[in-house]
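Observations on chain architecture
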Amino acid sequence: IAVDPSNGDIKYSGLNRDMFNDRKIAAVCVATKVSNSVYDIAKQLYKQDIGKIRLNLPKKPKLIKYKKLVKDEFETTKQYNSRVLKSKKKIDLENKINLEKWKKDTIYRKKIWHAKVEQAKENYEQNFLPYFGKAMYVKYGNPKIKSAKYDADNQFFTIVISSTRGGYKKTVKLPVKLKYAKKFKDILVKKNFNPTIEFEVINNKLKFSGIKEIKDPEIMVEKSEYKKAYNIDSKQKSIKELNKFIKRYPNSTLISSAKERIVTLKKKIILEEEKRKKLEEERRTREAIRAAEVAKRKQRKADSFYEKKYVGEKVCMDGTVALFLSTTITAYVERVSGNRIQLRIADTDGTTPNLNGVTLYRDTLIWDNYVNWYKCNY
């Protein structure tokens, strides 16, 4: 059996955890130290739980009383007596059914209770075993690593285990190869490292048998290092660290998993690179199409300056106002004479530009060079 350091629950094998409500232990814990022995506490806790196997019998139903019936004015005595008799028979039947149901329920509940009590008696040793672990939690609290010192010459750790409520101390000698020692200690001294102490029950006493998490320090370190390398967000860095792991721990049971992970990451990198290239190619294609369209528009606009313009056709001129404000002037062709064109201004984009010394307004009539204007619908 073992005490779970995270919440005080009991860890054990070969038993059904659902048979026990480990969480209720919290109600037994007190702030002061517990002087009773672990065995006495376990026995007390066990008795408390066994005492909860109570015989809860159903309440005996009350008998339904006869209804008081009143003779009707237009009812004969014979009819009235018959009605009274029927009413009593109906009530008697209901009372009989309720009593039979109560008796059956009582017999069933007694049967279940007897079965639970017998089961508790028959499985006393098996049922009692987990309460040692519960008692350890009540008496000492959660186990913790007080100190861990390494002897590099002899390659072993001296680990001192204490408890959160005090009163418990155990020194453990644990052989660890120098190659693993530093990283192993890093794991032990972490704040979130909570050891699970394992015991054997011999003559109603707990005998320390080890710390579950550190039975194999080498595997513990390897798993920790593998997990770090595995969980790196950057795939390239993860591959790099996994390769370091393989090189550092060539005989690890996790080597095959590390290699598989590297293959998987490399495939993902290739797929991501292909996707990136595809997206880049699509972007370049879109930009090339947009550039071609822009070039075509520019060319159509440039060509429209020299295309033949007809009377009544709308033409445009781009310009600037106040050196920086761009504007577009629109006009309608009134006359064409050689390389000159007469225009009636249609719109100046809300500005008052000056052209050839003339301030332009709506309906202003001007002459200008033919090629200074392009077709608005180029």
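In this report, the structure presented in the accompanying data block is examined. It should be emphasised that the depicted structure is a prediction, and the values quoted were computed from it without experimental measurement. (Residues numbered from 1 in each chain as written. Predicted model: local features only at pLDDT ≥ 70, side-chain atom pairs only at ≥ 80, totals over all residues. Heavy atoms only, no water.)

What to know about the packing of aromatic side chains
Enumeration over the complete set of coordinates arrives at 11 aromatic pairs. With 4.7 Å between their ring centres and 45 degrees between their planes, Tyr150 and Phe157 make a pair best called tilted. Taking 5.2 Å as the distance between ring centres and 55 degrees as the angle between the ring planes, the aromatic pair formed by Phe245 and Tyr249 counts as tilted. For the residue pair Phe245 and Tyr249, the accessibility class agrees, reading buried in each case. Above the face of the Tyr131 ring, Lys134 is positioned so that its terminal group lies 4.4 Å from the ring centre. The side chain of Arg261 reaches across the aromatic face of Tyr230, ending 3.9 Å from its centre. (Phe/Tyr/Trp six-rings, centres within 6.5 Å; stacked < 30°, edge-to-face > 60°. Buried < 20%, exposed > 50% of the residue type's maximum accessible area, 1.4 Å probe, protein only. Lys NZ or Arg CZ within 6 Å of the ring centre and 35° of its normal.)

Focus on the state of the cysteines
Applying the stated criterion across every chain, the model contains 1 disulfide. Put simply, Cys316 and Cys376 are joined by a disulfide, and their sulfur atoms are 1.9 Å apart. Across the S-S bond of Cys316 and Cys376 the torsion is about 115 degrees, and the bridge reads as right-handed. Taken together, the residues span a long stretch of sequence, with Cys316 in strand β8 (residues 314-321) and Cys376 in the segment after β14 (374-375) at a distance of 60 residues. The class for Cys376 is partly exposed, based on a relative accessible area of 26%. (Disulfide = S-S within 2.5 Å. Helix = DSSP H or I, 4+ residues; strand = E, 2+ residues; numbered from the N terminus.)

Things to note about the packing of helix α5 (residues 178-188) against helix α6 (residues 217-230)
A pair of packed helices is characterised by two quantities: the angle between their axes and the separation of those axes. Running from N to C, α5 and α6 point in directions that differ by 75 degrees, and their axes come no closer than 9 Å. Here α6 runs roughly perpendicular to α5, going by the angle between their axes. In this structure, α5 contributes Tyr180, Lys183, Phe184 and Ile187 to the contact, and α6 contributes Pro217, Glu218, Met220, Val221, Glu222, Ser224 and Glu225. Across the contact of α5 with α6, the residue classes tally to 6 nonpolar, 1 polar and 4 charged. (Axes fitted to C-alpha atoms, helices over the stretch in contact; angles between N-to-C directions. Parallel < 35°, antiparallel > 145°, perpendicular 65-115°, else oblique. Contact = heavy atoms within 4.5 Å. Nonpolar A, V, L, I, M, F, W, Y, C, P; charged D, E, K, R; others polar.)

What about the pattern of salt bridges?
Summed over all chains, the structure comprises 17 salt bridges. The partner of Lys228 in a salt bridge is Glu225, with the nearest N and O atoms 3.5 Å apart. Here the residue Lys228 and the residue Glu225 both occupy positions in helix α6, the gap between them amounting to 3 residues, near one helical turn. Here Lys228 falls in the partly exposed class, since its relative accessible area comes to 48%. Put simply, Glu241 and Lys244 hold a salt bridge, and the shortest N to O gap is 3.4 Å. Of this pair, Glu241 and Lys244 both sit in helix α7 (residues 235-248), 3 residues apart, which is roughly one turn of that helix. Lys244 sits in the partly exposed class, given a relative accessible area of 46%. What you see here is one network of salt bridges that share partners, running through Glu280, Arg283, Arg284 and Glu287. (Salt bridge = Lys/Arg side-chain N within 4 Å of Asp/Glu carboxyl O.)

Some details on the sheet that holds strand β4 (residues 156-163)
Across the sheet, 3 strands lie side by side as β3-β4-β5; this open sheet has antiparallel pairing. On the outer flanks of this sheet lie β3 (143-151) and β5 (170-175), each paired with one strand and no other. Strand-to-strand twist in this sheet, taken as the mean axis angle between neighbours without regard to direction, amounts to 25 degrees. In the sheet, β4 pairs with β5 via 6 bridges, with the strands oriented antiparallel. When the bridges of β5 are listed, Phe156 appears paired with Pro175. (Pairing = 2+ DSSP bridges.)

Some remarks on the nonpolar core
Counting residues in each nonpolar core, the largest one holds 46 residues, and the members touching the most others are Ile159, Ile161, Phe184 and Ile214. With 6 residues, helix α4 (residues 130-140) is the largest single contributor of residues to this core. Counting 13 residues, the second largest nonpolar core, distinct from the first, contains Val315, Met317, Ala331 and Leu360. (Core = buried A, V, L, I, M, F, W, Y, C linked by side-chain atoms within 4.5 Å.)

Considerations on the side chain of Glu222
Structurally, Glu222 is set in helix α6. At 6.7 Å, Lys179 is the nearest oppositely charged side chain to Glu222, a buried residue that forms no salt bridge. Those residues in contact with Glu222, other than ones at most four positions away along the chain, are Tyr180, Phe245, Tyr249, Ser252, Thr253 and Leu254. (Lys, Arg positive; Asp, Glu negative; His and termini not counted.)

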